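Analysis of the macromolecular model
As a plain string of letters, each chain reads:
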Amino acid sequence: MLELNAQSIGFLIFSAFTIGGGLGVVSSRNLIHGALYLILSLFGAAGLFVLLSAEFLAAVQVLVYIGAIAILIIFAVMLTRSLTRLGEVFNKQWWLSALVAIGMFVLILVGVILPVFSGMDTSGVSPNVATTIDLGVALVDGNQYVLPFEVASILLTAAMIGAIVIARDNE
Amino acid sequence: MECTDIINTLAACLEVSGTDPGLAQFIQILLGVVIVTMAPLIVVILLIWVERKFAARVQDRIGPNRVGPYGLLQTIADALKLIIKEDITPAGADRLIYNLAPIISVVSVVLIWAVIPFSPIHIGVDLSIGALYFVAVGSIGTLAIMMAGWSSNNKYALLGAFRVVAQLVSYEVPMVFALLVPVLIAGSMSMQGIVEAQRGMWFVILSPVAALIFFISTQAETGRAPFDLIEAESELVAGFNIEYSGMKFGLFFAGEFVHVFTNALLMASLFFGGWVGPAVDQVPALGFIYVVLKAAIFYLFSLLLRNTLPRVRIDQLMAFNWKFLVPVSIVNVIVVAFLLQVVRALGLAPSAELSNDFIANLPQAIVLLVGSLAIVIYVLQQLRNFGRQERLSQQTVTVRKEDEVDMLPAQAAH
């Protein structure tokens, strides 16, 4: 079902980036390497967005996520004691996160991947490619996503104000 | 096949001569990419010479004048020297990251050239999100500097990198807000669309405030004086690239020079009409000359700033950005967006057929210009009040000190 053309080769490469980078993040003992693997993973996801003709999301992915990794590295350098040889387990609830991760994986497997392979009717997916303009209109259209959009804006504004309040001097 | 951009013309010719269509497509894309990426790397050779000559004249020197006529080949000799120099990797450096950083630094700048329109038909690729693309790609440059600073295993390099990230991330905010203005007016994020929309009127007339903020913040993005805290020699020895030698240092160096000129090109394309000029539709190649001439003016202006202004302190740098540039740029975007809607509601905006006409653009331009003027006057007023307050508080401090001095002998007499 997978024919070998430029698109599928691109998909394979970007998937390898995404998954390989993700594995690198959780397995590397060096915090900086972990952060850089995260870049690889996010870059792969941006590539997948491009393959889906969602250039806007790809650019935002690079701008917001990859652009912020530099700050993540600063935090890693400033807030941790040993950067290069992480040995100890800090969090005692690792089993809980493992459980959640496995649960999510099973959910994706059952909900998304199995139906595709069992020959489910995929004609429900619209062949029309939404443009950036469609995306922008959908975010401010009263019948579509204006409420989630505004709620997210308020949340972010509140978080920003909170950060300023915490950081300012008490005079 | 239609001739729409640099890349999409070769495959048609190859197919006619009997090459497999897929292969023809691949060769054409490969060649296009090579051409677009080589251009900045060739231009930089000239740029370095221009900058050195210019700096020399400002400082009352002659500048490079030995290798070739007017010292034109000096850069090539320097590059040769850099290549054959010993390449030193410091002990304890993270080898892979250390070697990767200069490459990513150059690539992040060169990638921007893919969306810069040089003429109606000459553009690497006219992405529908071109304006967003160059911000996204530019943000990778910050990362390269952080990688270089950390992997060098040197505290000065790391300190330099910290400063860079703080500076670049901060100045990205007003830059993006200023960038929003041309996108708003043109109604398109494609670079070609933004330039096309300026056929009637350059955007700098519609929003001079945005143009000025964009220029200042791009100057800070390149880490040039007065914002050159990145490599403040007197404080940080050389900054994030202190451990780099040979051609690896050369890559950072070249990347910075290309970045300055790229920003000049963006400035010309976003606010000064890009390739728009007389007879550009008949002879598209003229577009190259127009856009490069416009960019050259900004390039030379930025060199002049670099060579004449002193460096600001890090706290001044941050305060200037967060307390001045960011608020002004946000207000500017809101005012422009509001006035654009007003103009459209009143029917003052030029119709689609007349959008290339200068006269038809005048009403809209006048309304937006008045809006910009209002912002400028308000900001100047605020600055005046702020300055007066500062002076007054300074005076009271000195007066109090004088009182104390007067009191001391009086106490002694008692």
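None of these values were measured; they are calculated from a predicted model.

Brief notes about the overall build of chain B
On a plain count of helices and strands, chain B comes out with 14 helices and zero strands. Order of helices (α) and strands (β) in chain B, N terminus to C terminus: α-α-α-α-α-α-α-α-α-α-α-α-α-α. Sorting the 414 residues of chain B into buried and exposed places 46% on the buried side. Within chain B, contacts between residues separated by at least 24 positions form 75% of all contacts whose residues are at least 6 apart in sequence.

So, the overall build of chain A
For chain A, the count of helices and strands is six helices and zero strands. Across chain A, helices and strands are ordered from the amino to the carboxyl terminus as α-α-α-α-α-α. Burial status across chain A gives 22% buried among its 171 residues. Look at the contacts in chain A between residues 6 or more apart in sequence, and 56% of them connect residues 24 or more apart. Looking at chain A as shown, the accessible area adds up to about 12700 Å², and 72% of this sits on carbon and sulfur atoms.

With respect to the environment of valine 181 of chain B
Residue and element names in this part refer to chain B. As for its placement among the helices and strands, valine 181 is situated in helix H6 (residues 155–186). Residues valine 181 and valine 333 lie 152 residues apart in sequence; the distance between their C-alpha atoms is 6.1 Å. Here valine 181 is in contact with Ser207, Ala210, Asn332, Val333 and Val336, once residues within four sequence places are set aside.

Quick notes on the environment of leucine 48 of chain A
Positionally, leucine 48 of chain A belongs in helix H2 (residues 31–51). A C-alpha to C-alpha distance of 6.3 Å links leucine 48 of chain A and phenylalanine 14 of chain A, two positions 34 residues apart in sequence.

Points about the nonpolar core
Residue and element names in this part refer to chain B. By size, the foremost hydrophobic cluster in this structure holds 107 residues, and its most contacted members are Phe134, Met146, Phe214 and Phe271. Looking at this core element by element, the count peaks at 14 residues for helix H5 (residues 130–151). Filtering out sequence-adjacent residues up to four positions away, phenylalanine 271 remains in contact with Ala178, Pro182, Gln198, Trp202, Phe203, Val204, Ser207, Ala210, Ala211 and Phe214. Val195, Val276, Val280 and Tyr290 belong to the second-largest nonpolar core, a separate cluster that totals five residues.

Here we look at the interface of chain B and chain A
In this assembly, 20 residues from chain B lie in contact with 23 residues from chain A. The three residues of chain B that bury the most area against chain A are Leu143, Trp150 and Phe162 of chain B, which together make up 31% of that side's buried surface. Our enumeration of links across chain B and chain A arrives at zero salt bridges. Here chain B is connected to chain A by one residue pair in polar contact (both at pLDDT 80 or more). Elements with a contribution of two residues or more to the side of chain B that touches chain A: H5 and H6 of chain B.

Quick word on a nonpolar patch on the surface
The grouping of Ile102, Phe105, Val106, Ile108, Leu109, Val110, Val112, Ile113 and Leu114 of chain A at the surface amounts to a nonpolar patch, some 800 Å² of accessible area in total. Here leucine 109 of chain A is to be found in helix H4 (residues 94–117).

Quick notes on the pattern of salt bridges
Residues and elements named next belong to chain B. What the rule picks out here adds up to five salt bridges over all chains. For aspartate 87, the salt bridge goes to lysine 248, with nearest N and O atoms at 3.1 Å. Of this pair, aspartate 87 sits in the loop between helix H3 (74–84) and helix H4 (95–110) while lysine 248 sits in helix H11 (residues 246–271), and the two are 161 residues apart along the sequence. Arginine 313 is the partner of aspartate 315 in a salt bridge, and the nearest nitrogen-oxygen pair spans 2.9 Å.

Some words on the confidence of the model for chain B
Reading predicted coordinates in detail is not appropriate for stretches of low pLDDT. Of all residues in chain B, 88% attain a pLDDT of 70 or more, and the chain-wide mean is 82. Per-element mean pLDDT across chain B ranges from 64 in helix H10 (residues 233–236) of chain B up to 89 in helix H9 (residues 208–221) of chain B.

Details of the confidence of the model for chain A
Taken as a whole, chain A shows an average pLDDT of 80; of its residues, 82% reach a score of 70 or greater. The secondary-structure element of chain A with the lowest mean pLDDT is helix H3 (residues 55–79) of chain A, recorded at 79, while helix H6 (residues 146–167) of chain A shows the highest, at 91.

Observations concerning the packing of aromatic side chains
Residues and elements named next belong to chain B. Under the counting rule described, the total for this entry stands at 17 aromatic pairs over all chains. Arranged with centres 5.0 Å apart and planes meeting at 80°, the rings of tyrosine 244 and phenylalanine 252 form a pair that is edge-to-face. For the pair tyrosine 244 and phenylalanine 252, one class covers both residues: buried. Taken together, the aromatic side chains of Trp113, Phe118, Phe261, Phe288 and Tyr299 make up a single cluster linked through ring pairs.

Parameters at a glance
Residues numbered from 1 in each chain as written. Chains lettered and ligands numbered in written order. Predicted model: local features only at pLDDT ≥ 70, side-chain atom pairs only at ≥ 80, totals over all residues. Heavy atoms only, no water. Helix = DSSP H or I, 4+ residues; strand = E, 2+ residues; numbered from the N terminus. Buried < 20%, exposed > 50% of the residue type's maximum accessible area, 1.4 Å probe, protein only. Contact = heavy atoms within 4.5 Å. Areas by Shrake-Rupley, 256 points an atom, 1.4 Å probe, with all protein chains shown as cover. Core = buried A, V, L, I, M, F, W, Y, C linked by side-chain atoms within 4.5 Å. Buried area = accessible area lost by both parts, 1.4 Å probe. Salt bridge = Lys/Arg side-chain N within 4 Å of Asp/Glu carboxyl O. Polar contact = N/O pair within 3.5 Å; in protein donor to acceptor, adjacent residues only side chain to side chain. Patch = residues over 30% accessible without salt bridge, like charges linked within 9 Å, V, L, I, M, F, W, Y side chains within 5 Å. pLDDT = per-residue confidence, 0-100. Phe/Tyr/Trp six-rings, centres within 6.5 Å; stacked < 30°, edge-to-face > 60°.

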